[in-house]
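Structural features, examined
What follows is each chain in one-letter form.
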Amino acid sequence: MAGAESTDAELLGGGIDSFAAFYRRQEDPILGFFLRRTGQPEVAADLTAECFARALEGRGNFDPALGDARGWLFGIARHVLARSLDRGRVENETRLRLGMEPLVLDDADITRINELNGAPAMAALNNLPQEQIAAVTGRVIEDRDYAELAARLQCSESVVRQRVSRGLKTLRSALEGSG
Amino acid sequence: MSRLPALEQALIAAATRLEAPPLLQAHGRPSRRMPLRSLMLAAALLILVSGTAAAGTLLALRGSVIPGPAQRDLPPEQTPVPDTATIAPERAKDPVSGPPWALRIARSRTGFICSTVGQVAQDRFGIVGLDGKFRELAIGNVDGCGIERKNAASLVGARVFDAPRLADVRTVVNGIGGPELRRVFVDAGGRNREIHVGQQGVFIATFRGYPEDLGISVSLAFADGHIERHPFGASPFVTPDPAGGRAWRLEMSGMGQPLPAGCAGKDFRKKRCRPAPQKTRVSCAQFRPAREGLNLPFSELVCGRMAVTSSGRLRTNGYFFGVRREKPGKRRTSDPFEAGLWHKHPPRTAVFGGIGDDIKAIDVLGPGAPVHARLMINGGFLVMYGPTVLPSDLTVRVTFRDGRIETRRGDANLVPPGSTK
């Protein structure tokens, strides 16, 4: 049985229950990723479905020696998003191949997806020092690499890493520290 | 419980149908064989862009055949049967100076038709790397396989062979259109070119550069008169460069709400500290090259405040845009996020910004014919001009859905730099 202590790679390499656990663990980050980029919960859900369908179909190709499972999944997510933008529609080839029915969302689903909009987190983000906002936004929300951010922010990569680290630490304590 | 239980159930059902055995034991030994995607990526990197960086690995490959992916990594639909492979007689001249390009066609184990793009040298099918070495491509290397269709293209593609220098990048347009295919036209770089159609409707053509920069679009005319169009570089999100350089894309982003007075980030759970529903929203636009890469230019960020008409599924009214001449050197603002970075890219003038649901059209009047801006589904628009056009040459006409028209010169409805924080 897939346990909370299992690593992502272990869940990905396990059976059906493990894949379901992997889905539950990575659902919010992937949904949030798509929601931030599209701003539309229906589209974000559709992209998430295609992303996990590809992960399901291609999990045999995952090799932990080449990177972690979360990074591998986000690679799929970025590819699905790019291909969908190129084509002007959300990709669904993998779901068709796997015989998955189109996802039907009700108001409760939309509400739950919109919870990932991160209003509290964004509010907390706005309270950070300006240089940390720039670093955290670039790295976490825009998913840019450190080299690009260093160029944009006109500082070294290590400084960007420090700003991201400090910013996230402050955010974490801000979001966890009050009830 | 998951956030989308229906999706979780659908995935479990699909996994059950796949009846896939566990593919990696929890603490087991990972496969020694590279997965297909990694192998193909590695091969592409080794062959095409490795010139210096992977010299050690190249030594191992020099003179040897580039192997196909491991059979276990390929489904039967994508596994070519060796005896069925033939090199189509059609050739396309290499746009630099290498051997001609051709298509290798084969049948998959399930009867699909498969194609591989490569070069032909001394009757051998392979590829020339950036180190100048020709290596054969083993039969297992296929670009794609598909069901053979009647009166329609079975396979059409534009394959990019990347390189560090733009001048060495090739795009190979190719396809198998079947016996009913009569004529093939390719739009690229502002030119329309007819491509020879061979047996089985095979066609191949080569171009220097990336498909999005060339705006590649392929039109296939069939015997019954119908035409298939396949845009490979054209996209609603890609704006060709007016001077024939790298294509551009517009990125839109939205800003979060500030906290109510007297609240800090840690107070977000307190009801009085939750931001009220937004009546306005700051949206921002920025353009950058369509293809990702290092040290590429990106424009200044321009932002405007839009009226929110629906917050559930975000809807806005209004418009904003900047009229900018981006050029190397000093930036307009000190904030690096808002300032942009133009490196040494030649100057470009652009009109770019965001529009709400109440805007019907944006037209830019300047040198030459008026330009009707393409309104993107991300709520943005981008009109690019070459280095000789100045912002003062341009007038922007905004047409509302209710028939009103506003004519503006220069920036419109922008919030001051720093308002995004």
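Summary of the structure given here. (Residues numbered from 1 in each chain as written. Chains lettered and ligands numbered in written order. Predicted model: local features only at pLDDT ≥ 70, side-chain atom pairs only at ≥ 80, totals over all residues.)

**Focus: the overall build of chain A**
Note the following rule: Counting from the N terminus, the helices are DSSP H or I runs at least four residues long and the strands are E runs at least two residues long. For every residue, the other C-beta atoms within 10 Å of its own C-beta are counted; 20 or more classify it as buried, 12 or fewer as exposed, and values in between as partly exposed. C-beta atoms are placed from the backbone. For every residue pair, C-beta atoms are placed from the backbone, and the pair is scored as a contact if these atoms sit within 7 Å.
A tally of helices and strands in chain A yields 10 helices and 0 strands. Across the 179 residues of chain A, 41% fall into the buried class. Sequence-distant contacts, at least 24 apart, represent 62% of the contacts inside chain A between residues at least 6 apart.

**Some remarks on the packing of helix H3 (residues 41-58) of chain A against helix H1 (residues 5-18) of chain B**
Rules: Interaxial angle, 0 to 180 degrees, is taken between N-to-C directions of lines fitted to C-alpha atoms, where a helix line uses only the stretch in contact. Should an angle lie under 35 degrees it is considered roughly parallel, over 145 roughly antiparallel, and from 65 to 115 roughly perpendicular; all remaining angles are considered oblique. Handedness of a crossing is defined here by the sense of rotation of the near helix relative to the far one, left-handed for an anticlockwise turn of less than a right angle and right-handed for a clockwise turn. Side-chain classes follow a simple rule in which Ala, Val, Leu, Ile, Met, Phe, Trp, Tyr, Cys and Pro form the nonpolar group, Asp, Glu, Lys and Arg form the charged group, and the remainder, Gly included, forms the polar group.
The geometry of H3(A) relative to H1(B) is characterised by a closest axis approach of 11 Å and an angle of 25 degrees between their N-to-C directions. Judged by the angle between their axes, H3(A) and H1(B) are roughly parallel. Helix-helix and strand crossings are classified by hand; for H3(A) and H1(B) the assignment is right-handed. Contacts from A:Thr48, A:Ala49, A:Phe52, A:Ala53 and A:Leu56 in H3(A) reach B:Leu7, B:Leu11, B:Ala14 and B:Ala15 in H1(B). In terms of residue class, the contact of H3(A) with H1(B) is made up of 8 nonpolar, 1 polar and no charged.

**Considering the environment of A:Cys51**
Residue and element names in this part refer to chain A. Secondary-structure assignment places Cys51 in helix H3. Here Cys51 falls in the buried class, since 25 other C-beta atoms lie within 10 Å of it. For Cys51, the residues in contact, after removing those within four places along its chain, are Ile30, Ile76, Ala77 and Val80.

**Considering the sheet that holds strand E23 (residues 380-385) of chain B**
All names here are of chain B. Applicable threshold: Two strands pair if DSSP finds at least two bridges between them.
With antiparallel pairing, 3 strands are arranged side by side in an open sheet as E19-E20-E23. At either end of the open sheet lies a strand with only one pairing partner, and these are strand E19 (319-326) and E23. When strand polarity is set aside, the average angle formed by the axes of neighbouring strands in this sheet is 15 degrees. With 6 bridges connecting them, strand E20 (residues 348-355) and E23 associate as antiparallel partners.

**A closer look at H1(B)**
Operational definition: A helix is expected to span 1.5 Å for every residue after the first. It is the directions from the helix axis to the C-beta atoms whose arc is reported.
For H1(B), built from 14 residues, the straight-helix expectation of 20 Å at 1.5 Å per residue is met to within 8% by its first-to-last C-alpha distance of 20 Å. Along H1(B), the positions that sit buried rather than exposed are B:Leu7, B:Ala10, B:Leu11, B:Ala14 and B:Ala15. On an axial view of H1(B), the arc spanned by its buried residues comes to 135 degrees, and they lie on one face. In H1(B), the exposed positions angled more than 90 degrees off the buried face are occupied by B:Pro5, B:Gln9 and B:Thr16. Of the surrounding elements, those touching the buried residues of H1(B) are helix H2 (16-38) and H3 of chain A.

Function cannot be read off these values alone, since they describe shape.
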